[in-house]
Amino acid sequence: MFNLASLITFKKMFPVEKRLLKLSREYLRYQMRLVVYKKQIQCLSDYLVANPIWQPIFQNDIYRINTLLNKFCDKRFNGTERLKAIMQNFSLAEQFLPVDKVHVLLEKEKVLLAKLTDELDLYLNLNRVDPLEGFFSLNIVDQQKNRIYDASFTFLSPNKLLIASIQGPNHEQAQLAVRNATKALHGVRPMFMLVNVFKIFASQLGCELIGIPHKYEAKYRWNDSKDLLFNYDEFWQENDAQYHDKYWQLPSQIERKPLEEIASKKRSMYRKRYEMFDALEQQMKDFLMK
């Protein structure tokens, strides 16, 4: 019988941490959380027994239990709300996604969602950046499988899709990679392309698309440098979002200018961009077909 509590050990939760002071501090927090959230751990374990398709999420990486013990997508969630959000996410994913695609996702931790261009692919993943920001992510990769941009998300009841984080590359060639991707995407910057992807994805699923407020993003820290911190509130507003009912409400449609209103020298680029959106929409329909 599956027992989530039996999988949780401190060594598995912090396998690479070597700093003794931090280890001691985390060990005390870990022990306290096991006591405080004992009921929630048992409830999640019972849910996974009843819904065994999702057991590999934790069997393959028990660190993911921190989504229950620590934070999950929205820092405002308390322990009971995190438990509810995690179970809702899995239940809605099982409702929205074809079961064969879910099995591939859980086995491979990624599944090809669409080809955006000859140079760039779009994947649906088990989030490999940080599960605290959501168990699932969409990302754009190049033909060498280099990550260009990631965005994590979760499903919220009854029919919401919450974009919980957006993260670009972090290496010496990051700016070049983003610049090349923007050119390949016919002038759409990758971070904005992911929002367009989510618009199509949410529309296909019949979901309301929402974005996380800046101060409630899972990794937000008040003392982070303003020069380094990505501001989600500003980004959602750049995407014409309106703040309502605790989240940024994003429009469901991709804005398209009539070609005759576009300068002649840019019409070819926009035409290819719109063709890319149309092809993406059809590929998503095919992917989600049950």
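Before reading on, note that the structure itself is shown above.
What comes next is a walk through the structure. (Residues numbered from 1 in each chain as written. Predicted model: local features only at pLDDT ≥ 70, side-chain atom pairs only at ≥ 80, totals over all residues. Heavy atoms only, no water.)

Here's the deal with the packing of aromatic side chains
Aromatic ring pairs are defined here through the distance separating the ring centres and the angle between the ring planes.
And then number 1: Overall, the coordinates contain 23 aromatic pairs when judged by the stated rule.
And then number 2: For the ring pair Trp54 and Phe90, a centre distance of 4.9 Å and an interplane angle of 15° mean the geometry is stacked. In this pair, Trp54 is assigned in the loop between helix H4 (38-50) and helix H5 (55-59) and Phe90 in helix H7 (residues 79-96), connecting sequence segments 36 residues apart. By the burial criterion, Trp54 is buried, and Phe90 matches it.
And then number 3: Ring geometry for Phe230 against Tyr232: centres 4.8 Å apart, planes inclined by 85°, an arrangement best described as edge-to-face.
And then number 4: Classification of Tyr232 by relative accessible area gives buried; the value is 7%.
And then number 5: Within the aromatic cluster, the residues linked to one another by ring pairs are Trp54, Phe58, Phe72, Phe90, Phe96, Phe135, Phe136, Phe153, Phe155, Phe198 and Phe201.
And then number 6: Note that Arg82 overlies the ring of Tyr37, its terminal NZ or CZ placed 5.1 Å from the centroid.
And then number 7: A cation sits over an aromatic face here: Lys110 above Tyr123, 5.3 Å from the ring centre. (Phe/Tyr/Trp six-rings, centres within 6.5 Å; stacked < 30°, edge-to-face > 60°. Helix = DSSP H or I, 4+ residues; strand = E, 2+ residues; numbered from the N terminus. Buried < 20%, exposed > 50% of the residue type's maximum accessible area, 1.4 Å probe, protein only. Lys NZ or Arg CZ within 6 Å of the ring centre and 35° of its normal.)

Let's talk about the sheet that holds strand S3 (residues 136-142)
And then number 1: Taking strand neighbours across the sheet as the criterion, the eight strands line up as S1-S2-S3-S4-S5-S6-S8-S7 in an open arrangement whose pairing is mixed. Taken across any chain shown, the strands that pair with only one partner, and hence form the sheet edges, are strand S1 (110-115) and strand S7 (242-244). Geometrically, the sheet is characterised by an average inter-axis angle of 35° between neighbouring strands, direction not taken into account.
And then number 2: Sheet topology places strand S6 (residues 208-211) next to strand S8 (residues 247-249); two bridges connect them, and they run antiparallel. Following the sheet pairing, Ile210 is matched in S8 by Gln249.
And then number 3: Contacting S3 and strand S4 (147-156), H7 runs over the sheet at an angle of about 100° to S4.
And then number 4: Packing against the sheet, helix H10 (residues 190-205) makes contact with strand S2 (120-126), S3, S4, strand S5 (160-167) and S6, and its axis sits at approximately 35° to S4. (Pairing = 2+ DSSP bridges. Axes fitted to C-alpha atoms, helices over the stretch in contact; angles between N-to-C directions. Contact = heavy atoms within 4.5 Å.)

Some words on a nonpolar patch on the surface
And then number 1: On the surface, Met32, Val35 and Val36 cluster together into a nonpolar patch covering about 310 Å² of accessible area.
And then number 2: Mapped onto the secondary structure, Val36 falls in helix H3 (residues 20-36). (Patch = residues over 30% accessible without salt bridge, like charges linked within 9 Å, V, L, I, M, F, W, Y side chains within 5 Å. Areas by Shrake-Rupley, 256 points an atom, 1.4 Å probe, with all protein chains shown as cover. Salt bridge = Lys/Arg side-chain N within 4 Å of Asp/Glu carboxyl O.)

Observations concerning the pairing of S6
A regular strand places its side chains on the two faces of the sheet in alternate fashion.
And then number 1: Sheet topology note: the S5/S6 ladder contains four bridges and is parallel. Across the sheet, residue Leu162 finds its bridge partner in S6, namely Ile210.

Thoughts on the environment of Ser157
And then number 1: Secondary-structure assignment places Ser157 in the loop between S4 and S5.
And then number 2: Using a relative accessible area of 38% as the deciding quantity, one classes Ser157 as partly exposed.
And then number 3: Spatially, the C-alpha atoms of Ser157 and Gly168 are 28 Å apart, while their sequence positions differ by 11 residues.
And then number 4: Here Ser157 is in contact with Gln88 and Leu92, once residues within four sequence places are set aside.

As for the side chain of Ser45
And then number 1: Here Ser45 shows up in helix H4.
And then number 2: Judged by its relative accessible area of 3%, Ser45 falls in the buried class.
And then number 3: Excluding its chain neighbours within four sequence positions, the residues that come into contact with Ser45 are Phe2, Asn3 and Leu4.

A word on helix H12 (residues 264-288)
And then number 1: Over its 25 residues, H12 extends 37 Å from the first C-alpha to the last, a length consistent with the 36 Å expected when each residue adds 1.5 Å.
And then number 2: The secondary structure elements touched by the buried residues of H12 are H7, helix H8 (99-108), S1, S2 and H10. (Expected span 1.5 Å × (residues − 1).)

Brief notes about the pattern of salt bridges
And then number 1: Enumeration over the complete set of coordinates arrives at 10 salt bridges.
And then number 2: Residues Asp74 and Arg76 are paired through a salt bridge, measuring 2.9 Å at the closest nitrogen-oxygen approach.
And then number 3: Between Asp100 and Lys101 there is a salt bridge, with the nearest N and O atoms lying 3.7 Å from each other.
And then number 4: A single salt-bridge network, built from bridges that share partners, covers Lys22, Glu26 and Arg29.

Comments concerning the packing of H4 against H7
A pair of packed helices is captured by two measures, namely the crossing angle of their axes and the spacing between those axes.
And then number 1: Running from amino to carboxyl end, H4 crosses H7 at an angle of 10°, the nearest separation of the two axes being 10 Å. Regarding the angle of H4 to H7, the classification is roughly parallel. Residues Gln40, Cys43, Leu44 and Tyr47 of H4 touch H7, and the partners they reach there are Gly79, Thr80, Leu83, Ile86, Met87, Phe90 and Ser91.
And then number 2: In terms of residue class, the contact of H4 with H7 is made up of seven nonpolar, four polar and no charged. (Parallel < 35°, antiparallel > 145°, perpendicular 65-115°, else oblique. Nonpolar A, V, L, I, M, F, W, Y, C, P; charged D, E, K, R; others polar.)

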